[in-house]
Amino acid sequence: MIAASTIRVSFPEADIALLTFDMPDKAVNILTTPVMNELAVHLEELEQRDDLTGLVLSSGKPGSFIAGADIREFAESLDVDKASIVAMCERGQRLFRRLAQAPFVTVAAIDGICVGGAAELAVWCDRRIVSTSEETEIGFPEVKLGLYPGWGGTVRTPRMIGLSNAIEIITGGESVNASAAVGLGLASQMASPEQLLDAAIAMIREEQGTGDYLVDRTAWEQPIVISETELGFLGSTATAYIREQTKGHYPAPLAALELMLESASMEVDAACQREAEGMTQLFGSPINEALINVFFLHARNKKVVGTSGDSIQASPIRSVSVVGAGIMGSGIAAATIKRELPLVFTDASAEVLQNGAREVMRQVSYNRKTKSSDATRAVHFAPFMNLTHSREELTAADVVIEAVVENADVKRQVLTQLESGLSDHAVLASNTSTIPISSLGEALQRPDRFCGIHFFNPVRQMKLVEVIRGQETSEETIATAVSYVKRVGKSPIVINDGPGFLVNRLLLPYMLEAVELLCEGASVKEIDRAARAFGMPMGPIALYDVVGLDTACYAGSTMYQAFPDRIIASPVLPALVKSGRLGQKSGAGFFRYSKGKRRGQEDPGLQEVLEPYLREKRRFSEEELQQRMFLPMVLEATRILEEGIVRDVRDVDLGLILGLGFPAFKGGLLFWADRVGTPALLEQLKTLEPLGERIRPTPRLLDMGRRNARFYDSASVA
Ligand code: NAD
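Residues numbered from 1 in each chain as written. Predicted model: local features only at pLDDT ≥ 70, side-chain atom pairs only at ≥ 80, totals over all residues. Heavy atoms only, no water.

Engineer: Tell me what's going on with the overall build of the chain, and back it up with residues and numbers.
Structural biologist: Scanning the chain for helices and strands turns up 31 helices and 20 strands. Computed over its C-alpha atoms, the radius of gyration of the chain comes to 28 Å, within 12% of the 27 Å expected for a compact globule of 718 residues. Dimensions of the chain, computed from the C-alpha atoms along their principal axes, are close to 85 × 65 × 55 Å. Counting across all 718 residues of the chain, residues that qualify as buried make up 56%. Long-range pairs, those at least 24 residues apart, make up 74% of the contacts in the chain with a sequence separation of at least 6. In the form shown here, the chain has an accessible surface area of approximately 30,800 Å², with 52% of it arising from carbon and sulfur atoms. With 73 positive and 91 negative side-chain charges, the chain shows a separation of 5 Å between the mean positions of the two kinds. (Helix = DSSP H or I, 4+ residues; strand = E, 2+ residues; numbered from the N terminus. Rg over C-alpha atoms; globule rule 2.2 N^0.38 Å. Buried < 20%, exposed > 50% of the residue type's maximum accessible area, 1.4 Å probe, protein only. Contact = heavy atoms within 4.5 Å. Areas by Shrake-Rupley, 256 points an atom, 1.4 Å probe, with all protein chains shown as cover. Lys, Arg positive; Asp, Glu negative; His and termini not counted. Charge placed at Lys NZ, Arg CZ, Asp CG, Glu CD.)

Engineer: Requested: an account of the site of the ligand, with residues and values cited.
Structural biologist: Near the ligand there are 21 residues, and of these Met328, Asp347, Glu406, Lys411 and Ser433 occur at the shortest range. Between the ligand and Met328 there is a distance of 2.8 Å, counted from an oxygen atom to a backbone nitrogen or oxygen. The separation between an oxygen atom of the ligand and a polar side-chain atom of Lys411 is 2.6 Å. Look at the ligand: alone it shows 830 Å² of surface, and the protein chains cover 74% of it. Listed by contribution, the elements that provide at least two residues to the shell around the ligand are helix H14 (327-338), helix H18 (408-419) and strand E18 (450-455). It is H18 that provides the largest number of residues to the shell around the ligand, a total of three residues. Residue composition of the shell around the ligand, grouped by class: 11 nonpolar, seven polar and three charged. (Near = heavy atom within 4 Å. Polar contact = N/O pair within 3.5 Å; in protein donor to acceptor, adjacent residues only side chain to side chain. Nonpolar A, V, L, I, M, F, W, Y, C, P; charged D, E, K, R; others polar.)

Engineer: Give me the lowdown on the packing of helix H22 (residues 524-534) against helix H23 (residues 540-547), citing residues and values where you can.
Structural biologist: The geometry of H22 relative to H23 is characterised by a closest axis approach of 7 Å and an angle of 100° between their N-to-C directions. One finds that H22 runs roughly perpendicular with respect to H23. Listed contacts from H23 to Val524, Ile527, Asp528 and Ala531 of H22 are Pro540, Ile541 and Ala542. Along the lines of polarity and charge, the residues of the contact of H22 with H23 split into six nonpolar, no polar and one charged. (Axes fitted to C-alpha atoms, helices over the stretch in contact; angles between N-to-C directions. Parallel < 35°, antiparallel > 145°, perpendicular 65-115°, else oblique.)

Engineer: Outline the environment of Ile312, supporting the account with residue identities and numerical values.
Structural biologist: Along the chain, Ile312 falls in the loop between helix H13 (286-303) and strand E11 (320-323). Residue classification places Ile312 among the partly exposed positions, given a relative accessible area of 23%. Sequence spacing of Ile312 and Ala479 is 167 residues, and the spatial spacing of their C-alpha atoms is 7.2 Å. The contact partners of Ile312, leaving out residues within four places of it in the chain, are Thr307, Glu475, Glu476 and Ala479.

Engineer: Tell me about the pairing of E18, and name the residues and values.
Structural biologist: Summarising burial for E18: six of the six residues are buried, a large majority. Of the two faces of E18, the one holding Phe450, Gly452 and His454 and the one holding Cys451, Ile453 and Phe455 are both buried throughout. Pairing analysis gives three bridges linking strand E17 (residues 427-430) to E18, with the strands arranged parallel. Bridge assignment links Leu428 to a residue of E18, and that residue is Phe450. As defined by bridge partners, E18 adjoins strand E19 (residues 464-469) across four bridges and the pair is classed as antiparallel. Bridging from a neighbouring strand, His454 pairs with Glu466 of E19. (Pairing = 2+ DSSP bridges.)

Engineer: Describe the sheet that holds E18, listing the residues and the values that go with them.
Structural biologist: With mixed pairing, eight strands are arranged side by side in an open sheet as E15-E12-E11-E16-E17-E18-E19-E20. Of all strands in the sheet, those with a lone pairing partner are strand E15 (385-387) and strand E20 (491-496), marking the two edges. Between one strand and the next, the sheet's axes are offset by a mean angle of 25°, whatever the strand orientation. Along the sheet face, helix H15 (residues 350-364) touches strand E12 (343-346) and E15 and points at about 170° away from the line of E15. Sitting on the sheet, H18 is in contact with E11, strand E16 (399-402), E17 and E18, with an inclination near 170° to E17.

Engineer: Describe the domain arrangement of the chain, listing the residues and the values that go with them.
Structural biologist: Split by domain assignment, the chain resolves into domain 1 (7-284), domain 2 (320-497) and domain 3 (504-714). The gap between the C-alpha centroids of domain 1 and domain 2 is 43 Å. (Domains from an automatic or database assignment.)

Engineer: Before we move on, can you summarise the sheet that holds strand E8 (residues 137-139) with the specific residues and values?
Structural biologist: Strand order in this open sheet of four strands is E4-E6-E8-E9, and the pairing throughout is mixed. Bordering the open sheet on either side are strand E4 (64-66) and strand E9 (176-177), each of which pairs with just one other strand. With respect to the sheet, helix H4 (residues 117-124) is in contact with E4, strand E6 (113-115) and E8, its orientation differing from that of E6 by roughly 85°.

Engineer: Quick rundown of the packing of aromatic side chains? Include the residues and the values.
Structural biologist: This structure, assessed with the given rule, holds 13 aromatic pairs. Note on Phe96 and Trp151: the rings are 5.6 Å apart at their centroids and 90° apart in plane angle, and the pair reads as edge-to-face. Pair noted here: Phe96 is in helix H3 (residues 82-97) and Trp151 is in the loop between E8 and helix H5 (153-161), with a separation of 55 residues, a long-range link. An angle of 15° between the planes, with centres 3.7 Å apart, marks the rings of Phe534 and Phe630 as stacked. Residue Phe534 is located in helix H22, and its partner Phe630 is located in helix H27 (residues 622-642); the two are separated by 96 residues in the primary sequence. (Phe/Tyr/Trp six-rings, centres within 6.5 Å; stacked < 30°, edge-to-face > 60°.)

Engineer: Provide a residue-level description of the environment of His298, including the pertinent values.
Structural biologist: Among the structural elements, His298 can be located in helix H13. Taking the C-alpha atoms as reference points, His298 and Ser491, separated by 193 residues in sequence, lie 8.4 Å from one another. Once residues lying within four places of it in the same chain are set aside, the contact partners of His298 are Leu654 and Leu658.

Spelled out as structure tokens, the structure:
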């Protein structure tokens, strides 16, 4: 079946054909099978004509070219056989290759996103011209899905831009902007979006005149000219770099590298065949499946509005106030200004406010490209910040966030003062990490417009924001909070109020179990190694030192008060704090830190502090250590679901990936648990029975085990 209306054919000049991708009723174009079929039909027709000088491929969606292949189709065909995977690649290769063999010059006119399959389509064209729009990006993110480009991307790109450049862009998976694309040779020219078509036509005329494109066509069909020595050097440096980056958890970048090194000496036909055959190792693999799940977790999150009813609307957000200019307040302020939202900023201390404002300016003026402070950015963003102590100015904002000290009395006082001056539609929020939102709301006249907006530290790096619904919080408040969080470029997860909210509640059982393991004789090294082997970015022991032992102690005690039956009030953390070991910030925690170094060394002095608490000295396998740390997390997740803290298992998984760095290649905590299977999880828990309440299977898990049910059974397709 051909979806006839996706690609429009027109002739801006008598000898120039224009194919405009414009998927009906969609915000972006995607290369679905019907669209690919439609392209084939159009090419077939155009190739028959002898009056054409050139073909331009473009998009009917301003600022968005084509967002790649249809990942949903991938997800639906993960279990196809190897022959079908090869055939899927070959179909795309054959179709796109026609653009490099057509009886006219082919040019991709790219305005906006052009990634994955779309980048492959573009590289098979004779030339690419990119718009100067900030939205323009070209890239091959396939490795982030556990794949590599399979429609000839690994064949054509290195022949066009050089093997080294192609290896970097394909194995790294990061997109480049328009000027970088020109620098790399991925595109030959830039033009404003308005002039893109005219420039593409001019380019066709020039190519027809010089015949350069024909020279390139011949050259790009050949093996790559590179010496054995160069190839060897490139291979060994790239392999070492990829191993370091992926820690052996993500096979696709290495597979892409090996493929490109091997097929460099082949002609295009053989290289394409090798690309298609190699794909059978990746497509449908458990890691591919897990990463596709993560892709959908993000896609679903983009659509989150925070409420179930369509009738609930977010209020307009014209300005934001942040009260408290400490670590978090400054981070939130900077994130707000970066999105050009006017900010009113205050702190009880004038000195702290000045320091906070300096920190905000430091963050907003940082230029990622030059990796240095940028005066133009500073001049641009400075007018968005208003430093004040005036309550009227603070309460005139549409969203008012308090980020003052973590003290319930102080917070209540600050919130009640702010509330009295707010306009009717304004939202009042707290960034508290431990105090229940409903209890803070009790002090307010209008708890319905109060909620938690919990940013993570450091705000500039952490994408996750928990939006917490107190008992009285209205749907409008949640919708407005979600809209604000999205506006500042973060990923909101809406949760109901409860101790530790979502991420800290799941983190604590894992962290506390690590201390128990220490008391049973496991070493700090073994524990952290097991967590890293599971895929965590750092082990729990190192994480204690980063967070600070005093903060961890405080968080542990709040959780203990909430759940004394299963949270262990270990004496180890207070003992460390008492001995002055606060973690990185004091130069010693579980590890020792040399001045200015963030990486800890093993500390022989630790044993002395631990000695009184060592209950036994037994050996653990890596598997047992992992079960001990991650099963309590799964159990706590079942309680979170049971209590309705989150609406959907996918919120748990995305929350942990974004908030804790839970390994994406496992697809998320509950995606991973599903893969292990509930009956197998229950078996493992049985062996840990002597540990008591904290490891006892919850009724929900027992019920799921009896039915052999999966957590994702309740998640509809994204
Ligand atoms: P901080 O100590 O760095 O900053 C708190 C600021 O509040 C100080 O500058 C203080 O002068 C100011 N302040 C105190 N009383 C005030 C008042 N009455 N009016 C105005 N300002 C007042 O603390 P922080 O780490 O930025 O934490 C702030 C909030 O964010 C806390 O609720 C904390 O739990 C939460 N939080 C912290 C982190 C983190 O890792 N630091 C992470 C998430 C959430």
